[in-house]
Amino acid sequence: MTLEQRLDRLERENRWMRRIGAVCLALVAAVFLMGQDKAKELTDLEVRSLTVRDKGGKVRITLRVEADGAADLIFHDKDGKERAGLRTYTDGSSGLAFWDKDGKISAALATLVANGSTALSLFDKDGKPRAGLKVSDNGSPGLALWDKDGKPRAGLKVSDDGSPRLRLFDAKGKVIWKAPKD
C-alpha cells in the first residue's frame, strides 16, 4: 500500500473520529449535570447518540455509537459545522481530526491497531494531503510531502537498522533523486 493510499484511508477513518469527540464531551456534560443536585440519587443515562445544542438550537456536540460499534465524539462551531472529532474503532484503533471553517479536513492523527502504526497528516485548504508523519509498528519513522495536486514529491524514512532513505519524485511519481544511491 502506497503512502498516498494510506493517507486516503486515514482521511476516511478520520471522518469518523470527529464524532467521537462530541460523544465524550456530551458524556462529561451529562455527568456534570447529574452531579448538580447531590440530594437526589444518581441514575444511569443510556443512549446510542446524544446531540448537544446551544441556546439558538445549533448543534455543538454530537456523541454517538455507530451500528458497527465505533464511537464518535464531534465538536461543532457556532454555525453547526463539524470542526473537531474523535473516533474509536471496534478494532481498538483511534483517531482525531480537525476541519476548517469550510468543512475541509486540515489535520488528522491516528493510531492503527491493525498495523501498529501512528500517523499525523496535514492538509491544504482544499483538503488535499500535503505532509504526513508516520511511525510504523517497528518504530521506524517516515515523512512524506505531496504537491498541490496530492501527488507524492518527497519521502524520508529511517529503516529498521537506523539508516536513512530519501527519495524525490517528479510530477508523474518517478524517482528523480535518491540517497543512498542503490
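Structure: above.
Let me sum up the structure you'll find in this document. This structure is a prediction, so every number in the text was calculated from the model and none was measured.

**Describing the nonpolar core**
Thought 1: Counting 5 residues, the largest nonpolar core is built from Ala97, Trp99, Ile105, Ala108 and Phe123.
Thought 2: Elements supplying a minimum of two residues to this core: β5 (94-99) and β6 (105-112).

**A few points about unusual backbone geometry**
Thought 1: A cis amide bond links Ala179 to the next residue, Pro180, at an omega of 0°.
Thought 2: One can find Pro180 in the segment after β12 (175-179).

**So, the environment of Ala67**
Thought 1: On the secondary structure map, Ala67 appears in the loop between β2 (59-65) and β3 (71-76).
Thought 2: With 19 residues separating them in the primary sequence, Ala67 and Arg48 have C-alpha atoms 9.3 Å apart.

**So, the pairing of strand β4 (residues 82-88)**
Thought 1: Note that β3 and β4 share 6 bridges and pair antiparallel. Residue His76 lies in a different strand from β4, and its bridge partner there is Glu82.
Thought 2: Pairing geometry for β4 and β5, over 5 bridges, is antiparallel. Each bridged residue has a counterpart across the sheet, and for Gly85 the counterpart in β5 is Ala97.
Thought 3: The antiparallel hairpin formed by β4 and β5 contains 5 residues in its connecting segment, where Gly92 sits at a positive phi of about 95°.

About the cut-offs
- Residues numbered from 1 in each chain as written.
- Predicted model: local features only at pLDDT ≥ 70, side-chain atom pairs only at ≥ 80, totals over all residues.
- Heavy atoms only, no water.
- Core = buried A, V, L, I, M, F, W, Y, C linked by side-chain atoms within 4.5 Å.
- Buried < 20%, exposed > 50% of the residue type's maximum accessible area, 1.4 Å probe, protein only.
- Helix = DSSP H or I, 4+ residues; strand = E, 2+ residues; numbered from the N terminus.
- Pairing = 2+ DSSP bridges.

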